[in-house]
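A closer look at the structure
Residues per chain are reported as follows:
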Amino acid sequence: MEFTKMNGLGNDFIVWYGHQELPSDASELAVRLCDRHFGIGADGLVYILPSDKADFRMRIINSDGSEAEQCGNAIRCAAKYVYDRKHINREQITIETLGAGVQQVELTVENGAVRMVKVDMGEPILEGLKIPTTLDLTNVIDEPIEAGGSGFRFTAVSMGNPHCVIYVEDAPSFDLEAWGPKLECHPLFPKKTNVEFATVRSRKHIDMRVWERGAGPTLACGTGACATLVASVLNGYSDRRAMVSLKGGDLDIEWSEDDNHIYMTGPAEIVFEGRI
Ligand SMILES: N[C@H](CCC[C@H](N)C(=O)O)C(=O)O
C-alpha cells in the first residue's frame, strides 16, 4: 500500500488516497501504523474517499483506533494532497466530513503547490451537548469540573468533535500529561473529549496546548484551536478573530459575526511518500 506522510503544524497523519470506502481494518491499521517505534508513526490515519455530496470525503482515525467526526489539521492536509497530486485543479473545493458536514476549503497556491489552506469549519455546536448527569452541557461556560481531586473550570464546545477548554496560568508549562488523560476520559463526557489548556495573552493572541481524544498530546489541533477561540469569545477574553499559538505553530481563527461560521487558516505539509 502506498501512503503519503503529511502534517498540519506537526499534527501528523498517514494519508491514503484511492480507497472507495473506509477499510474494515482501518482501526487496527491505525493502532499498528501510528506506533512511532513499530510502525510509521503518526497521530492518525486520513482516508481521502470519493463523495456524492462534495469533491471528496475525508475519514480520520486516531492513533488509538477510534474514528473522529472531524479534524482541522487533517482537512488542510487532505486539501493540499488532492490539489498538489492533481486530483483537482480548482482552488475552491469541498470536503465531506463524518460529523461536521461538507466543508468549503480555499487554497492559496504558489508555484503549483498549496501553501496555505482556509477552511470554513462550520458553526460551533454549543447546544445539546447532553450528558447522563445533572449537568446539561448546553451553553456550558466556565463550569466547575473535578478530576483527580483537583477542580478546574471549563467551557464545552463541539466542532463536530467534543472539546473541553480550560484556562490556565501558562499553557506551555502546564502539566498536560498529568491532567489530559483524566479529563479526556472524565465521566462527564460520554464520547470522551479533546482537552485544551489555554492562556490568553491578549484579545488577539491565545496560547494553547492540547491533549487529544484518542491521540494524547499532539503538537497542534485545528478543531481545538477553533473551540478555544469560541470559548474565549464566550468568556469575554478575546476578540472574534485571534491567533491561536500551539506547540507546532500558529493558526488564524475567526468566528464570523456574519454567518456564525468558524474560519481556520493554516499550513499543510507533505513530508514523504512511502510504501508498506
Ligand atoms: N483527536 C480528535 C480528532 C483529531 C482532531 C485534531 N487533530 C484536529 O486537528 O482537529 C478527536 O478524536 O476528536
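Just so it is clear, the model here is predicted, and its values are computed rather than measured. Residue positions within a chain follow its written sequence, with the count starting from 1. Restriction of local features to residues with pLDDT of at least 70 applies here, the model being predicted, together with a cutoff of 80 or more for giving and counting side-chain atom pairs; totals for whole chains, interfaces and linings are based on all residues.

Once that is clear, we can look at the pairing of strand 11 (residues 162–167). Remark: C-beta atoms are placed from the backbone, and a residue is labelled buried if 20 or more other C-beta atoms sit within 10 Å of its own, exposed if 12 or fewer do, or partly exposed between those counts. Counting from the N terminus, the helices are DSSP H or I runs at least four residues long and the strands are E runs at least two residues long. Counting buried positions along strand 11 yields 6 of 6 residues, so the element is predominantly enclosed. A two-sided burial pattern is seen for strand 11, the buried positions comprising Pro 162, Cys 164 and Ile 166 on one face and His 163, Val 165 and Tyr 167 on the other. Hairpin geometry of strand 10 (residues 150–158) and strand 11 is characterised by an intervening segment of 3 residues between the two adjacent antiparallel strands and by a positive phi of about 105 degrees at Gly 160. Direction of pairing for strand 11 relative to strand 12 (residues 194–202): parallel, over a ladder of 5 bridges. Bridging from a neighbouring strand, Ile 166 pairs with Phe 197 of strand 12. Handedness of a crossover is defined as follows: with both strands directed away from the viewer, a clockwise route from the first strand across the helix to the second makes it right-handed. For the handedness criterion, the β-α-β arrangement of strand 11, helix 3 (residues 176–184) and strand 12 is classed as right-handed. The rule for pairing is simple: two strands pair if DSSP sees at least two bridges between them.

With that out of the way, let us pick up helix 1 (residues 26–34). Those residues of helix 1 that sit buried are Ala 30, Leu 33 and Cys 34. The buried residues of helix 1 occupy an angular sector of 90 degrees when projected down its axis, which confines them to one face. For the purpose of contact definition, each residue receives a C-beta atom placed from its backbone, and two residues are in contact when these atoms lie within 7 Å. Looking at the buried residues of helix 1, the elements they touch are strand 2 (11–17), strand 3 (44–49) and strand 4 (56–62). It is the directions from the helix axis to the C-beta atoms whose arc is reported.

Each residue gets a C-beta atom placed from its backbone. If that atom is within 6 Å of a molecule or strand, the residue is near it. Residues in contact with the ligand amount to 18 residues; listed here are only the nearest, Ala 68, Asn 73, Asn 161, Gly 222 and Thr 223. Listed by contribution, the elements that provide at least two residues to the shell around the ligand are strand 4, helix 2 (72–84) and helix 4 (222–234). Residue polarity is assigned by list, with Asp, Glu, Lys and Arg as charged and Ala, Val, Leu, Ile, Met, Phe, Trp, Tyr, Cys and Pro as nonpolar; anything else, Gly included, falls into the polar class. Its residues assigned to classes, the shell around the ligand comprises 5 nonpolar, 11 polar and 2 charged. How far each domain reaches was decided by an automatic or database domain assignment. The residue makeup of the shell around the ligand includes at least three contributed by each of domain 1 (2–121 + 266–275) and domain 2 (128–260).

This paragraph deals with the domain arrangement of the chain. Note: interface size is frequently given as the accessible area lost on complex formation between the parts. Assigned domains within the chain: domain 1 (2–121 + 266–275) and domain 2 (128–260). Distance from the C-alpha centre of domain 1 to the C-alpha centre of domain 2: 23 Å. Contacts between the two partners involve 22 residues from domain 1, matched on the other side by 18 residues from domain 2. For the side of domain 1 that touches domain 2, the element with the highest residue contribution is helix 2, accounting for 3 residues.

Moving on: the packing of helix 2 against helix 4. Contact geometry of helix 2 with helix 4 gives a least axis separation of 5 Å together with a crossing angle of 130 degrees. With respect to their mutual orientation, helix 2 and helix 4 come out oblique. Between helix 2, through Gly 72, Asn 73 and Arg 76, and helix 4, the contact on the second element is made entirely by Gly 222, Thr 223, Ala 225 and Cys 226. Along the lines of polarity and charge, the residues of the contact of helix 2 with helix 4 split into 2 nonpolar, 4 polar and 1 charged. Simply put, an axis is a line fit to the C-alpha atoms, just over the touching stretch for a helix, and the angle between two N-to-C directions goes from 0 to 180 degrees. An angle below 35 degrees is read as roughly parallel, one above 145 as roughly antiparallel, one from 65 to 115 as roughly perpendicular, and any other as oblique.

Take the UniProt feature "active site" (unreviewed entry) in the chain next. UniProt positions are given in the numbering used here, feature names are shortened, and annotations may be inferred rather than shown by experiment. Sites flagged by UniProt as "active site" (unreviewed entry) map to Cys 71 and Cys 221. Annotated residues spanning 151 residues; largest pairwise C-alpha distance 7.7 Å, indicating a single compact cluster. Judged by local crowding, Cys 71 falls into the buried class, with 32 C-beta atoms found within 10 Å. Leaving out residues up to four positions away in the same chain, Cys 71 has contacts with Ile 60, Gly 222 and Thr 223. With near-sequence residues (within four places) excluded, Cys 221 lies in contact with Asn 11, Asn 194, Val 210 and Glu 212.

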